[in-house]
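Architecture at a glance
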Amino acid sequence: MKLIESVYVYRMFLGNKAAWNGRYHSHRENEFEIHFFLEGSGTFLSNRQRILIENRSLFITQPLEFHSILPDRIEKPITYYAVLFSVDKKNEQELFQRLCKACKGSQKRITVEEGAVQFIFEEIFKMSNTENELLKKSAELLMEGLLYRIFGGNSGKSEGVNLNAHEASAVNAGHISRAMKIMESRIYENLKIEEIAFEMGISCEHFIRIFRQKMNITPMQYFYRLKTKAAAAMICNTSLSIGDISKKFSFENQFHFSRIFKKCTGLCPSEYRKMYGRL
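Here the structure is a predicted model, which is why all the values come from computation and not from measurement.

**Quick notes on the nonpolar core**
The biggest cluster of nonpolar side chains holds 43 residues, and the ones touching the most others in it are M183, I196, F207, F211, Y222, F257 and Y272. For this core, the elements supplying multiple residues, two or more each, are helix 4 (163-185), helix 5 (193-200), helix 6 (204-215), helix 7 (219-237), helix 8 (242-248), helix 9 (254-265) and helix 10 (269-276). The biggest single contributor to this core is helix 7, with 8 residues. Look past the residues within four positions of F257 in its chain and what remains in contact with it is A231, I235, I242, I245, S246, F251 and P269. Judged by nonpolar contacts, the second largest core, of 31 residues, contains Y81, F85, C103 and F151.

What follows is the structure, given as structure tokens:
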């Protein structure tokens, strides 16, 4: 396990510039993120699911999952730790499976009653943000121990699965990975699901089914969220008009773009620029 980033945000509230870490985003294939909320109330967006933030609530997001803290839904100032880390799928298979299982089950959001957990996050944050490599390694070991402590229930391994099932799963995973690459390479186009399925040589029905099983959203929902994530970065980091950005990503019109954008992020494009814009 490798720590990538650890942040501490104190009393984030609507009206202030929102914390960059709370923006609409996703992470790479082997990257998970933990948010541990010490105080406050609001809403956490995970793909299409909206989950209430409460004191001492902990959220885990899986690789490629679109998520954010909705700034317009913050009711009380939010203080939280966020830790981004990667897990080697091959060499750390058990931990990877445990975390994937937690992301899709009841452990996605849990309430942490144990007071010591807060101090563990504090230590991880302090040690991981130093120049001392030994302290950084200590932070990684502390984080790994915390993950097993929180998600150390029944093993995430599947037992008694026959070889054909494993082979089918591997084939499906290959299809999904290839589909994602197609979407990423054609993010500025008005790409249809039928085109992706045809390119992979499978039926639309089969493609939608296996994609939804893996990602918890349909291919089109994922594609729109991929577009939204890229458009959000453009909104924050350029002076292009909302209309120009809408055209760049091949939306039907600016109204359609704004509707999809707000559905994904909770904010309309102009509000998002005001909240997260860096220019």
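**Brief notes about the packing of aromatic side chains**
Under the defined criterion, the tally for this structure stands at 21 aromatic pairs. A centroid spacing of 6.1 Å and a plane angle of 20 degrees characterise the contact between Y81 and F121, whose relative ring orientation is stacked. With Y81 in strand 6 (residues 76-86) and F121 in helix 2 (residues 116-128), this residue pair connects regions lying 40 residues apart in the sequence. Look at Y81 and you get buried, because its relative accessible area is 6%. Their ring planes at 65 degrees and their centres at 5.5 Å tell us that F211 and Y222 sit as a pair that is edge-to-face. Placement of the pair is F211 in helix 6 and Y222 in helix 7, with a sequence separation of 11 residues. Per residue, the accessibility class of F211 equals that of Y222, and both read buried. Among the aromatic residues, those joined into a ring-pair cluster are Y224, F251, F257, F261, Y272 and Y276. A cation sits over an aromatic face here: K227 above F251, 5.6 Å from the ring centre. Of note, K248 hangs over the ring of Y188, and the distance from its end group to the ring centre comes to 5.3 Å.

**Structural notes on the side chain of Q62**
Mapped onto the elements, Q62 comes out in the loop between strand 4 (57-61) and strand 5 (67-69). The residues touching Q62, leaving out its near neighbours within four places in the chain, are E31, F32, C103, K104, K214 and N216.

**Things to note about unusual backbone geometry**
Within the chain, R11 stands out as a residue other than glycine whose phi angle is a positive 50 degrees. Position of R11 among the secondary structure elements: in strand 1 (residues 2-12). For R11, a relative accessible area of 37% gives the class partly exposed. Positive phi is not limited to glycine here, since N47 has a value of about 50 degrees. Relative to the helices and strands, N47 is located in the loop between strand 2 (31-46) and strand 3 (49-53). You can call N47 buried: its relative accessible area is 9%.

**Let's talk about the pairing of strand 3**
Looking at chain direction, strand 2 and strand 3 are connected through 5 bridges and run antiparallel. Its bridge partner lying in strand 3, T43 is registered against L52. Counting the residues in the hairpin turn of strand 2 and strand 3 gives 2 residues, including N47, whose phi is positive at 50 degrees.

**Examining helix 2**
Helix length check: helix 2, at 13 residues, gives a terminal C-alpha distance of 18 Å against a target of 18 Å (1.5 Å per residue), a fit within 8%. Burial in helix 2 covers these residues: V117, I120, F121, I124, M127 and S128. Down the axis of helix 2, the smallest arc covering the buried residues is 140 degrees, so these residues share one side. If you follow the buried residues of helix 2, they end up packed against strand 1, strand 2, strand 4, strand 6 and helix 3 (133-151).

**Description of the pairing of strand 4**
Of all the 5 residues making up strand 4, 5 are buried; the element is thus mostly covered by neighbouring parts of the structure. Here strand 4 shows two buried faces, one formed by S57, F59 and T61 and the other by L58 and I60. Relative to strand 4, strand 2 is paired through 5 bridges, and the arrangement is antiparallel. Paired with E33 across the strands is T61, a residue of strand 4. One ladder, built from 3 bridges, connects strand 4 with strand 7 (residues 109-111); its direction is antiparallel. Pairing of L58 across the sheet is with I110, part of strand 7.

**Section: the pattern of salt bridges**
This structure, assessed with the given rule, holds 10 salt bridges. Note that R109 and E54 form a salt bridge whose closest N and O atoms lie 3.0 Å from each other. Linking R109 in strand 7 with E54 in the loop between strand 3 and strand 4, this pair joins segments that are 55 residues apart in sequence. According to the relative accessible area criterion, R109 is partly exposed, its value standing at 23%. On the accessibility criterion, E54 (40% relative accessible area) is partly exposed. Salt-bridge contacts for K108 lead to E65; the nearest nitrogen and oxygen are separated by 2.7 Å. Here K108, found in the loop between helix 1 (93-104) and strand 7, pairs with E65, found in the loop between strand 4 and strand 5; they are 43 residues apart in sequence, far enough to count as distant. Three or more residues joined by partner-sharing salt bridges are found here, namely R186, E189, E195 and E199.

Rules and cut-offs
Every residue gets a number counted from 1 within its own chain, in the order that chain's sequence is written. Two thresholds apply to this predicted model, a pLDDT of at least 70 for residue-level local features and 80 or more for giving and counting side-chain atom pairs, whereas whole-chain, interface and lining totals are computed over all residues. Just so you know, side-chain values use all the structure's heavy atoms and leave hydrogens and water out. Buried Ala, Val, Leu, Ile, Met, Phe, Trp, Tyr and Cys residues form a nonpolar core when they are joined through side-chain atoms within 4.5 Å. Burial classification: accessible surface area is computed with a 1.4 Å probe over protein chains only, and a residue below 20% of its type maximum counts as buried, one above 50% as exposed, and the rest as partly exposed. What counts as a helix is a DSSP run of H or I of at least four residues, what counts as a strand is a run of E of at least two, and both are numbered from the N terminus. Pairs of residues are marked as contacts when any of their non-hydrogen atoms sit within 4.5 Å. Here is the rule: rings of Phe, Tyr and Trp (six-membered ring for Trp) pair when centre to centre is within 6.5 Å. Planes less than 30 degrees apart are stacked, more than 60 are edge-to-face, and the remainder are tilted. Criterion for a charge above a ring: Lys NZ or Arg CZ within 6 Å of the ring centre, and within 35 degrees of the ring normal. Any two strands are treated as partners once DSSP identifies two or more bridges connecting them. To estimate the expected span of a helix, subtract one from its residue number and multiply by 1.5 Å. Throughout, the arc means the angular range of directions from the helix axis out to the C-beta atoms. Whenever Lys or Arg places a side-chain nitrogen within 4 Å of a carboxyl oxygen from Asp or Glu, that contact is recorded as a salt bridge.

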